[in-house]
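# Structural features, examined
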Amino acid sequence: MAFLAAFFARRGRIFAMFVSLISASFVSASEPMRIAAASDLRYALNDIIELYHHSHPGANIEVIYGSSGKMTTQIMNGAPYDLFFSADIAYPIKLRDHELTATEPAVYTLGRIVLWSNTLDATNLTLETLTSDTVRRIAIAQPSHAPYGLRTKEALQSAGVWEAVQHKLVFGENIAHTAQMAQSGAAQVGIIALSLAKFPDLARHGYHLIDDALHSPLAQGFVVTRRGGNKPQARAFAEYMASDQAHHIMSRYGFTMGVD
């Protein structure tokens, strides 16, 4: 009897281990691949993911959009992101330097900034005209943590109007929030990403493309994070972003492709 009891107890432990392994595999397989992405990618990346699902119908992808600086801090504090698409290559480099990446940082595109308005004809605006009394509120992304905000500040400084427009500035948490402020009327003019100005809801209004010689390049970079290093889906999607199909969508939203 003691022998039978030991036999069935052993069988029970083996069965429990088997169930545990199956459960762990199921959780691993069903867990989404999480992407942290700069908010200027919101519309382009959504279109790319939709196309990706056509050839990868089982892909489970979750995207969180925000400012590159804040998401870098989140990753450094353990946020569960597998891929990071930043609006500035400097942030993926920072993560690499902290040994938090599985791949080397790589530039995937160049961004541009534009003047956009829901109430004024932005095609007739320039950085210099922002000093006019007719322009009372100007929305820009927060320069301290949003790359588009920092490049906006650089452009305004280069144009010699940064000090003159200080009292008019209202700050968005990220570039998408900045576009929302301009679209809602909270600001008469927004300095936003070209990729957002090309989204149909905003494309009904014109824009003025800001000379990129006035600011440092918006070299946007990505990495597979250390957490995503063991996820084939993360590496597969990173490779897909280099495909002609993904490049076509990015170009449609005004991103400059073919960047080395």
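For the structure, see preceding data.
My aim in this report is to walk through the structure given alongside it, one point at a time. Given the structure is predicted, the values throughout are model-derived calculations rather than measurements.

Conventions used here
In this numbering scheme, every chain counts its residues from 1 along its sequence in written order. At least 70 in pLDDT is required for a residue's local features to be given in this predicted model, at least 80 for side-chain atom pairs to be given and counted, and no such filter applies to totals for whole chains, interfaces and linings, which use all residues. Computation of side-chain values covers all heavy atoms of the structure but excludes hydrogens and water. Should DSSP find at least two bridges between two strands, the strands are regarded as paired. Starting at the N terminus, helices and strands are each numbered in turn, a helix being any DSSP run of H or I of at least four residues and a strand any DSSP run of E of at least two. Axis angles are defined between N-to-C directions and span 0 to 180 degrees, where every axis is a line fitted to C-alpha atoms and, for a helix, only to the segment in contact. What makes two residues a contact is simply this: any of their non-hydrogen atoms within 4.5 Å. To sort the angles, those under 35 degrees are grouped as roughly parallel, those over 145 as roughly antiparallel, those from 65 to 115 as roughly perpendicular, and the leftovers as oblique. We call a crossing left-handed when the near helix sits turned anticlockwise from the far one by less than a right angle, and right-handed when that turn is clockwise. Residue classes follow a fixed rule: Ala, Val, Leu, Ile, Met, Phe, Trp, Tyr, Cys and Pro count as nonpolar, while Asp, Glu, Lys and Arg count as charged, and any other residue, Gly among them, counts as polar.

## Section: the sheet that holds strand 8 (residues 189–193)
Within a sheet, neighbouring strands are paired by backbone hydrogen bonds and run either parallel or antiparallel to one another. In space, the five strands of this open sheet follow the order 7-6-8-5-9, with mixed pairing throughout. The open sheet has two free edges, formed respectively by strand 7 (169–172) and strand 9 (207–209), since each of these has just one partner strand. This sheet shows a mean twist of 30 degrees between the axes of neighbouring strands, independent of strand direction. Across four bridges, the pairing between strand 5 (residues 113–116) and strand 8 is antiparallel. Paired with Leu115 across the bridge in strand 8 is Ile191. Sheet strands in contact with helix 5 (residues 147–158) are strand 5, strand 6 (138–141) and strand 8, and its direction is about 75 degrees off that of strand 5. Those strands touched by helix 7 (residues 175–184) are strand 5, strand 6, strand 7 and strand 8, and its axis lies near 150 degrees from that of strand 8.

## Thoughts on the packing of helix 2 (residues 42–55) against helix 11 (residues 244–252)
Where helix 2 contacts helix 11, the axes come no closer than 9 Å and their chain directions differ by 155 degrees. In terms of axis orientation, helix 2 runs roughly antiparallel to helix 11. Crossing geometry of helix 2 relative to helix 11 is assigned as right-handed. Across the interface between the two elements, Ala44, Asp47, Ile48 and Leu51 of helix 2 pack against Gln245, Ala246, Ile249, Met250 and Arg252 of helix 11. In the contact of helix 2 with helix 11, the residues fall into six nonpolar, one polar and two charged.

Purely geometric numbers; function is a separate question.
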